[in-house]
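Single-letter residue listing:
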Amino acid sequence: MELNKKPNQYSPLALAYIGDGVYELYVRSRVIEEHSNLPAHKLHLHTVKYVKAHAQSNSIEALQNILTEEEAAVYRRGRNAKSATVPKNANIVEYRRATGFEALIGYVYLTGDTERLNELMDEAYNNAFDINQ
């Protein structure tokens, strides 16, 4: 993919837009790997559990201690971006944290550092749920 801009030149919401797609594809791949015999609808239900705002909010909490300064800054830019949409199934704090998470994923994806991207997404996937859920 040829970029017209450097990753840090994109708006936080543009980064979140690409990050949303990248993370969902990652989650779909993991879900089908773990549950290959389920019908498509049940695969979808498993995927949604990981990509909803609450789960992404949990994921970014787990990532906080391993982010570089640059990655943390991208996350904060995404979290603080003013979105025109209102969350349907999440509170505003979770929704903003999820937007920051998606911006982070989009940013790392656009840097081309697939090793770091996979490290972050693996950690996010493994920490998407509260222990009490």
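Refer to the preceding data block for the structure.
Residues numbered from 1 in each chain as written. Predicted model: local features only at pLDDT ≥ 70, side-chain atom pairs only at ≥ 80, totals over all residues. Heavy atoms only, no water.

Engineer: Looking at this model, I keep getting lost on the layout of surface pockets. Mind explaining?
Structural biologist: The gaps left among the atoms become clear once a water-sized probe is rolled over them. Size it by volume and the largest pocket reaches roughly 560 Å³. Taken together, 21 residues make up the lining of the largest pocket; nearest its centre are Asp20, Val51, Ala53, Tyr95 and Glu102. When contributions to the lining of the largest pocket are tallied by element, the ones reaching two or more residues are helix H1 (12-34), helix H2 (40-51), helix H3 (53-63) and helix H5 (92-111). Here the lining of the largest pocket is composed, by residue class, of 10 nonpolar, 6 polar and 5 charged. (1 Å grid on protein atoms, 1.4 Å probe; cavity = no way out; pocket = protein on both sides within 12 Å on 5 of 7 lines; lining within 4 Å. Points joined across faces, edges and corners; volume = space filled by probe spheres on them. Helix = DSSP H or I, 4+ residues; strand = E, 2+ residues; numbered from the N terminus. Nonpolar A, V, L, I, M, F, W, Y, C, P; charged D, E, K, R; others polar.)

Engineer: Would you take a moment to explain the side chain of Arg30 for this structure?
Structural biologist: Among the secondary structure elements, Arg30 is positioned in helix H1. The contacts of Arg30, once residues within four sequence positions are left out, are Asp122, Tyr125 and Asn126. (Contact = heavy atoms within 4.5 Å.)

Engineer: What is the right way to look at the packing of H3 against H5 in this model?
Structural biologist: One way to put it is that H3 packs onto H5 with a least axis distance of 8 Å and a crossing angle of 65°. Along this stretch, H3 crosses H5, giving a crossing that reads as left-handed. Between H3 and H5, the residues in contact are Ala53, His54, Gln56, Ser57, Ser59, Ile60, Glu61 and Leu63 and Glu94, Tyr95, Arg97, Ala98, Phe101, Glu102 and Leu104, respectively. Residue composition of the contact of H3 with H5, grouped by class: 7 nonpolar, 4 polar and 4 charged. (Axes fitted to C-alpha atoms, helices over the stretch in contact; angles between N-to-C directions. Left-handed = near helix turned anticlockwise from the far one by under 90°.)

Engineer: What exactly am I supposed to notice about the nonpolar core here?
Structural biologist: With 31 residues, the main nonpolar core has Tyr23, Val27, Leu63 and Ile105 as its most contacted residues. At the level of secondary structure, the elements contributing two or more residues to this core comprise H1, H2, H3, helix H4 (69-80), H5 and helix H6 (114-126). (Core = buried A, V, L, I, M, F, W, Y, C linked by side-chain atoms within 4.5 Å. Buried < 20%, exposed > 50% of the residue type's maximum accessible area, 1.4 Å probe, protein only.)

Engineer: When you look at the packing of aromatic side chains in this model, what are you seeing that I'm missing?
Structural biologist: One pair of aromatic rings is described through two measures. These are the centre distance and the angle between the planes. Taken as a whole and judged by the stated rule, the model has 5 aromatic pairs. Both rings, one in Tyr50 and one in Tyr125, keep their centres 4.1 Å apart while their planes meet at 0°; by these two values the pair is stacked. Separated by 75 residues along the polypeptide, Tyr50 in helix H2 and Tyr125 in helix H6 bring together distant segments of the chain. By relative accessible area, which is 13% here, Tyr50 ends up buried. Its relative accessible area of 4% is what places Tyr125 among the buried residues. The interplanar angle of 65° and the centroid separation of 4.8 Å between the aromatic rings of Tyr50 and Phe129 together place this pair among those described as edge-to-face. Of this pair, Tyr50 sits in helix H2 while Phe129 sits in the segment after H6, and the two are 79 residues apart along the sequence. (Phe/Tyr/Trp six-rings, centres within 6.5 Å; stacked < 30°, edge-to-face > 60°.)

Engineer: Even after reading the chapter, I still don't get the side chain of Thr47, so can you show me in this structure?
Structural biologist: By the element assignment, Thr47 lies in helix H2. When its relative accessible area of 5% is taken as the criterion, Thr47 is described as buried. If sequence neighbours within four positions are ignored, Thr47 has contacts with Glu24, Val27, Arg28 and Val31.

Engineer: Where do I start with the pattern of salt bridges in this structure?
Structural biologist: Once the charged atoms of two side chains with opposite charge are near each other, the side chains can pair. Overall, the coordinates contain 6 salt bridges when judged by the stated rule. Between Asp122 and Arg30 there is a salt bridge, and its shortest N-O distance comes to 3.5 Å. In this pair, Asp122 sits in helix H6 while Arg30 sits in helix H1, placing the two residues 92 residues apart along the sequence. Its relative accessible area of 18% is what places Arg30 among the buried residues. A single network of salt bridges, built from pairs that share partners, joins Arg30, Glu34 and Asp122. (Salt bridge = Lys/Arg side-chain N within 4 Å of Asp/Glu carboxyl O.)

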